[in-house]
Amino acid sequence: MHIFNWGIIGPGGIAHQFASALAQSKQGKLYAVASRSLERAQEFSEKYNAEMSYGDYQQLIDDTNIDVIYIATPHDSHYPLAKACLEAGKHVLMEKPLTITAHQTEVLVQLAQQKLCVFQEALWTRFMPCFKAIKQWIKDGEIGEVQYITSQIGFAFTDLLNHRINDPRLAGGAILDLGVYSVSVSQFILEEDPLLIQALGRINRDGVDQNVLVNMQYPSGIFSQFTCTIGAQCSNVMTIHGKEGFITLPSMFWNGESATLTKDEKVVKQEDFMHPVNGFEYQIESTMDSIGLGRLCDPRMNHDDSINVMQTLDEIRSQVGMKYDQSIEST
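Residues numbered from 1 in each chain as written. Predicted model: local features only at pLDDT ≥ 70, side-chain atom pairs only at ≥ 80, totals over all residues. Heavy atoms only, no water.

**Describing the environment of Val68**
Summarising the element assignment, Val68 is placed in strand β4 (residues 68-71). Assessed through its relative accessible area of 0%, Val68 is described here as buried. Separated by 14 residues in sequence, Val68 and Tyr54 have C-alpha atoms that sit 16 Å apart. When neighbours within four sequence positions are excluded, Val68 is seen to be in contact with Asn5, Trp6, Gly7, His91, Val92, Thr287 and Ile291. (Helix = DSSP H or I, 4+ residues; strand = E, 2+ residues; numbered from the N terminus. Buried < 20%, exposed > 50% of the residue type's maximum accessible area, 1.4 Å probe, protein only. Contact = heavy atoms within 4.5 Å.)

And the structure:
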């Protein structure tokens, strides 16, 4: 079996979850870590037994021993870092959202196609068994004809000092960080992109979108309605409503840990989905499978889907008046 050497750019909180899952992989290992702080990279490398530590991102990108790079930096640096990785011929798994704008995503997809490199959005939810099961329930007619989807996603981040989500220079705010889940999961379930989008939002004193409410109508006539916020604690539940019943994904719906099917006010089916590690393992293995198969992305989170999700997020941001500095929105 070929062993893939991984590099991590950005050893923040989410990278720890990634590294924990990678440590359990049989076909991949953590080889190198890069941070703007060499000391921080070294601490991370020591914890997860990586061979190399870099205090410069480009040094990791230039390391010829690395096969694939996981990018876990704040949103503002996604585009330039992924571009540098792909230009160097490195496969890339990058945290959601892929970029700040749909145009940036389109440029990177074209580059990945030119370089024949895997370019995968790390929207971990779409790789989970839970959501495959839900789609099968719907296909089997368990809830009848789907009518609409509702979801909430939010946490009270606004009082946290120096948190990236409150910083417009880092492309903070609720839409890109949280709303992306409601948009992407709805797209995955319905296999459609919205024709009509209506959004209301509040830009807070920090200059980022704090509370956003969105209605989306799809070509089939189905609706998806969601709220995302960094100013309040939410139920974080998603519900898929059909003529004959509804499917509920309980708190932290994007974690894909359980789902219930309700008919006639009774729960008729409940399934728990225990992740072998922590949920990150699915996208990690998928990325390595893609490299081996010669595909540029996983069909569960393909390039067209990533671009279309970003187009939806662009429209929502436009409607609520959330604009970032041209220096991070440009290509």
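Anyway, onward from the coordinates.
**Examining unusual backbone geometry**
Pro97 follows Lys96 through a cis peptide bond whose omega is -20 degrees. Along the polypeptide, Pro97 turns up in the loop between β5 (91-95) and α5 (102-115). Non-glycine residue Ala171 carries a positive phi angle of around 60 degrees. As for its position among the elements, Ala171 is in the loop between β7 (146-154) and α7 (174-190). Its identity as a non-glycine residue notwithstanding, Asn236 has a phi of 55 degrees, on the positive side. Turning to its location among the elements, Asn236 is positioned in the loop between β10 (223-229) and β11 (238-242).

**Things to note about the sheet that holds strand β1 (residues 4-9)**
The 6 strands lie next to each other as β3-β2-β1-β4-β5-β6, forming an open sheet whose pairing is parallel. Bordering the open sheet on either side are β3 (52-54) and β6 (119-122), each of which pairs with just one other strand. For this sheet the average axis-to-axis angle between neighbouring strands, irrespective of direction, equals 25 degrees. As defined by bridge partners, β4 adjoins β5 across 4 bridges and the pair is classed as parallel. In the sheet register, Tyr70 faces β5, and the bridge partner there is Leu93. (Pairing = 2+ DSSP bridges. Axes fitted to C-alpha atoms, helices over the stretch in contact; angles between N-to-C directions.)

**Some remarks on the nonpolar core**
Ranked by size, the top nonpolar core spans 85 residues in total, and within it Trp6, Tyr70 and Ile316 carry the most contacts. Here this core takes 11 residues from α7, the largest share from any one element. If sequence neighbours within four positions are ignored, Tyr70 has contacts with Trp6, Gly7, Ile8, Ile9, Ile14, Ala15, Phe18, Leu93, Glu95, Ala122 and Phe280. Ranked by size, the runner-up nonpolar core spans 27 residues in total, among them Ile61, Val92, Leu98 and Cys117. (Core = buried A, V, L, I, M, F, W, Y, C linked by side-chain atoms within 4.5 Å.)

**Some thoughts on the pairing of β4**
Side-chain alternation along β4 places Val68 and Tyr70 on one buried face and Ile69 and Ile71 on a second face that is also buried. In terms of strand pairing, β1 meets β4 through 4 bridges, oriented parallel. Across the sheet, residue Trp6 finds its bridge partner in β4, namely Val68. A crossover links β4 with its parallel partner β5, the connecting element being helix α4 (residues 78-87), and its sense is right-handed. (Right-handed = clockwise from strand over helix to strand, strands pointing away.)

**So, the pairing of β7**
Strand direction decides the pairing type here: β7 and β11, joined by 5 bridges, are antiparallel. Paired with Ile149 across the bridge in β11 is Ile240.

**Thoughts on the side chain of Gln210**
Within the fold, Gln210 resides in strand β9 (residues 209-217). Ignoring any residue separated from it by four or fewer positions in sequence, one finds Gln210 in contact with Thr158, Ala174, Arg202, Asn204, Cys228, Thr229, Ile230 and Gly231.

**Focus on the sheet that holds strand β8 (residues 196-203)**
Spatial ordering of the open sheet is given by β8-β9-β10-β7-β11-β12-β13-β14, a layout of 8 strands whose pairing is mixed. Here the strands that pair on one side only, and so sit at the sheet edges, are β8 and β14 (266-272). Each adjacent strand pair in this sheet contributes to an overall mean axis angle of 10 degrees, direction not counted.

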